[in-house]
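Residues per chain, in single letters:
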Amino acid sequence: MLDQEQSTTWLSGLHRLNGVIHAHGQPLIGNLCYLHKQEDYLRSEPAPDFREKRARFREAVVKRRRMLEIGVNGGHSAYVALTANPDLEFHGIDICEHVYVQSAVDHLADQFPGRVHFYRGSCLDLMPRLAKQGEKFDVFHIDGAKHTYLSDLYWASRMISGTSAALIMDDTEQDALSIVWKVCTRLGVIEAGPARADGARHSSEVGTLRRLPRWKQWLLRCLVVGAAAWVRVRNTVRKVRSSRQG
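Residues numbered from 1 in each chain as written. Predicted model: local features only at pLDDT ≥ 70, side-chain atom pairs only at ≥ 80, totals over all residues. Heavy atoms only, no water.

**Q** What exactly am I supposed to notice about the overall build of the protein chain here?
**A** For the protein chain, the count of helices and strands is 8 helices and 7 strands. A compact globule built from 246 residues would reach a C-alpha radius of gyration of about 18 Å, and the protein chain, at 18 Å, matches this within 12%. Projected onto its principal axes, the C-alpha coordinates of the protein chain cover approximately 50 × 50 × 40 Å. When each of the 246 residues of the protein chain is scored for burial, the buried share is 47%. Nonlocal contacts in the protein chain, meaning residues at least 24 apart in sequence, comprise 66% of its contacts between residues at least 6 apart. A total of about 12800 Å² of accessible surface is found on the protein chain, and carbon and sulfur atoms cover 52% of it. Side chains of the protein chain carry 34 positive and 27 negative charges; the gap between the two charge centres is 9 Å. (Helix = DSSP H or I, 4+ residues; strand = E, 2+ residues; numbered from the N terminus. Rg over C-alpha atoms; globule rule 2.2 N^0.38 Å. Buried < 20%, exposed > 50% of the residue type's maximum accessible area, 1.4 Å probe, protein only. Contact = heavy atoms within 4.5 Å. Areas by Shrake-Rupley, 256 points an atom, 1.4 Å probe, with all protein chains shown as cover. Lys, Arg positive; Asp, Glu negative; His and termini not counted. Charge placed at Lys NZ, Arg CZ, Asp CG, Glu CD.)

So this is what it looks like as structure tokens:
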């Protein structure tokens, strides 16, 4: 199989995307191709540290038709997906906290005509809206705000085309997200992919998201509500402590 990352055409496309981002003068937040706030990314090859992660990502999107990504950032994972699968239609959600996000998406839309669709705003608002509109996808990439992962999984499970969809969940080396992954696999919401041979944690997990029976939908929804309540309580406690210290 051709190694895309050794292709001058693929690298040129990546560097053009980098140029769009770099023009805004804001540090590049961590992504599938470069280290967090890596300064020399503009003309660099993709970070070797994430090579296995990119390979697993490509495997997940091959032969899929419609992808929904929560957390587009600079569009690097979108670029990897769109170039790995020429038949893939990409849909992305992002709040555009970073100034380069919209420009990166517009660039990808020009490079891949008719294949890039973008929704600007919070996933907490947009995921339910897309579900109610009847949108369906067969691969999901969850990489947005960490406190919304359970909610993202719930709504993604309601937008599966067919009986299952590929799932890529990022940052699962973090303890809280590792717990989310483990809980959902034990509940049968997610069927986990192969573990690392050395037993170490992946920085992302790849698996299969299942269409849920009603009782599991209800159970997952209860977990979402509970997690949201816990976040609100935690934030309130932090504000009180901060005000007292001030």
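Picking up where we left off.
**Q** Quick question: what am I supposed to make of the environment of Phe 90 here?
**A** When you line up the elements, Phe 90 lands in strand β2 (residues 89–94). With 23 residues separating them along the chain, Phe 90 and Met 67 place their C-alpha atoms 5.0 Å apart. If sequence neighbours within four positions are ignored, Phe 90 has contacts with Met 67, Glu 69, Val 72, Ala 78, Leu 82, Arg 115, Val 116 and His 117.

**Q** Is there a simple way to think about the pattern of salt bridges in this case?
**A** A pair can form between side chains of opposite charge whenever their charged atoms are brought close. Evaluated as defined, the whole model comprises 10 salt bridges. Here Arg 51 and Asp 3 are joined by a salt bridge, their closest N and O atoms 2.4 Å apart. With Arg 51 in helix α2 (residues 51–61) and Asp 3 in the segment before α1 (8–22), this pair connects stretches of sequence that are 48 residues apart. For Asp 3, a relative accessible area of 27% gives the class partly exposed. The partner of Asp 170 in a salt bridge is Lys 53, and the shortest N-O contact between them spans 2.7 Å. Taken together, the positions of Asp 170 in strand β5 (residues 164–170) and Lys 53 in helix α2 put the pair 117 residues apart, joining distant regions of the chain. Owing to a relative accessible area of 8%, Asp 170 belongs among the buried residues under this scheme. Counted as one network, the salt bridges with shared partners bring together Asp 3, Glu 5, Arg 51, Arg 54 and Arg 58. (Salt bridge = Lys/Arg side-chain N within 4 Å of Asp/Glu carboxyl O.)

**Q** How should the packing of aromatic side chains be read in this particular structure?
**A** Evaluation of the coordinates by the stated rule reveals 5 aromatic pairs. Seen in terms of ring centroids, Tyr 34 and Tyr 41 are 6.0 Å apart; in terms of plane orientation they differ by 55 degrees. Their pairing is tilted. The same class applies to Tyr 34 and to Tyr 41, which are both buried. Where Tyr 154 meets Trp 155, the ring centres are 5.0 Å apart and the plane angle is 75 degrees; that geometry is what we call edge-to-face. As far as burial versus exposure is concerned, Tyr 154 and Trp 155 are alike and both buried. Among the aromatic side chains, those forming a connected cluster through ring pairs are Trp 10, Tyr 79 and Phe 112. If you follow Lys 53 out to its NZ or CZ, it ends over the ring of Phe 50, 5.6 Å from the centre. (Phe/Tyr/Trp six-rings, centres within 6.5 Å; stacked < 30°, edge-to-face > 60°. Lys NZ or Arg CZ within 6 Å of the ring centre and 35° of its normal.)

**Q** Quick question: what am I supposed to make of unusual backbone geometry here?
**A** The phi dihedral of Lys 37 is positive, around 60 degrees, even though this residue is not glycine. Among the secondary structure elements, Lys 37 is positioned in the loop between α1 and α2. Even without glycine at this site, Asp 171 takes up a positive phi of about 65 degrees. With respect to the secondary-structure elements, Asp 171 resides in the loop between β5 and α7 (175–186). A relative accessible area of 16% places Asp 171 in the buried class.

**Q** Could you clarify how one ought to interpret the packing of helix α5 (residues 123–132) against helix α6 (residues 149–157) in this entry?
**A** For any two helices packed against each other, one specifies the crossing angle of their axes together with the interaxial distance. Viewed as axis vectors pointing N to C, α5 and α6 meet at an angle of 10 degrees, and their least axial separation amounts to 9 Å. With respect to α6, the axis of α5 lies roughly parallel. Across the interface between the two elements, Cys 123, Leu 124, Met 127, Pro 128 and Ala 131 from α5 touch Ser 151, Asp 152, Trp 155 and Ala 156 from α6. Split into classes, the residues belonging to the contact of α5 with α6 amount to 7 nonpolar, 1 polar and 1 charged. (Axes fitted to C-alpha atoms, helices over the stretch in contact; angles between N-to-C directions. Parallel < 35°, antiparallel > 145°, perpendicular 65-115°, else oblique. Nonpolar A, V, L, I, M, F, W, Y, C, P; charged D, E, K, R; others polar.)

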